[in-house]
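Architecture and fold: a report
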Amino acid sequence: MKQKDLLLKKPENPPRHVAIIMDGNGRWALKRGLPRVAGHKAGVDSLVSCVEACSAWGIEVLTVYAFSTENWGRPRDEVTFLMHLLEEAFDRYIDRLHANGVMVRVIGRRTGLPESTTRHIEHAERLTAGNTGLRLLIAFNYGGRAELVDGVKALCARVARGELSPEAIDEECLSAHLTTAGFPDPDLLIRTGGEFRISNFLLWQLAYTELYITDVFWPDFRAQQLHQALMEFQKRQRRFGKV
Ligand code: FPP
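The following refers to the structure shown. All residue numbers refer to position in the chain's written sequence, counted from 1. In keeping with the predicted nature of the model, local features appear solely for residues at pLDDT of at least 70, side-chain atom pairs appear and are counted solely at 80 or more, and the whole-chain, interface and lining totals rest on all residues. Heavy atoms from the whole structure form the basis of all side-chain values; hydrogens and water molecules are not counted.

Attention now goes to the site of the ligand. With respect to spatial proximity, 17 residues lie near the ligand, and among them Asp23, Gly26, Arg27, Arg36 and Arg74 are the closest. Within the side chain of Asp23, a nitrogen or oxygen atom sits 3.0 Å from an oxygen atom of the ligand. Per-residue and other accessible areas follow the Shrake-Rupley method at a 1.4 Å probe size, with only the shown protein chains counted as cover for residues. Burial of the ligand by the protein chains amounts to 91% of its free accessible area of 620 Å². Here a cavity denotes a set of grid points, spaced 1 Å apart and computed over the protein atoms alone, in which a 1.4 Å probe fits but from which it cannot get out, and a pocket denotes an open set meeting protein on both sides within 12 Å along at least five of seven lines; residues with an atom within 4 Å of a point are reported as lining. Assignment to a cavity or pocket requires that more than half of a molecule's atoms be within 2 Å of the site's grid points. At a threshold of 2 Å from the grid points, most atoms of the ligand map onto the largest pocket. A run of H or I in DSSP becomes a helix once it reaches four residues, and a run of E becomes a strand once it reaches two; helices and strands are each numbered from the N terminus. Counting residues per element, the ones that place at least two in the shell around the ligand are helix H2 (25-31), helix H3 (36-56) and helix H4 (76-99). The residue inventory of the shell around the ligand, partitioned by class, reads eight nonpolar, five polar and four charged. Nearness here has a simple test: a residue counts as near a molecule or strand if at least one of its heavy atoms is within 4 Å of that partner. Definition of a polar contact: a pair of N or O atoms within 3.5 Å, with one able to donate and the other able to accept a hydrogen when the atoms are protein atoms, and with sequence-neighbouring residues admitted only if both atoms are side-chain atoms. Gly counts as polar in this scheme, as do all residues outside two lists: the nonpolar Ala, Val, Leu, Ile, Met, Phe, Trp, Tyr, Cys and Pro, and the charged Asp, Glu, Lys and Arg.

Here it is as structure tokens:
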């Protein structure tokens, strides 16, 4: 964490789980006359800054949307760049995350990823599995609908094997078959880059999540901007459908 960020006061009653749609990397780069991928690269620094802040402020879970199932439709070079970027980020930061007690988990489909990317993911997860600090979930090759399809398939398979009766399926049961099983639902969703969309992120889990949308592009979103979002969250009155 940078010296000036250490001066940021730990927010009172911070959310247990913060989810972030890290958008605006391409626009950040274009504004500077740089290739789009330069925005993704700078975005890793924002992620590091936010992870360190969440750790310092005692947030339990941080989930970030790094690569969606729809992102395969981007130019091939950009897709390849993003795969390498995840590998490079792990090479560079995994020991530091581990030393800080962060548990890393990658959620999303493993099928279709390059073998070296899968290897990096498995190493990061294995290394940090026993850590008890911040739990960092990186959504990579993730789509909310795909996740629900996979969860429903797993439930159907259990029904077919006679392990589960259809009547026993309730919300808790479906939650337990999603990639976020065992983690609380997000309290706060932050979207950078100013668009008002969920973009197939955590469709089930966001049912009662507070939304915070900022025009700031992701590479400019650091601990300080996160702090501002948490201050705004504190003002919200959550009713969960009640009065
Ligand atoms: C959306 O911005 C961002 C992404 C698709 C990639 C997010 C990745 C990072 C922030 C880097 C961290 C990632 C890893 C792999 C550790 P955009 O390209 O859609 O921006 P735009 O809306 O301005 O075009």
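This brings us to unusual backbone geometry. Within the chain, Asn13 stands out as a residue other than glycine whose phi angle is a positive 40°. Residue placement: Asn13 occurs in the loop between helix H1 (3-6) and strand E1 (17-21).

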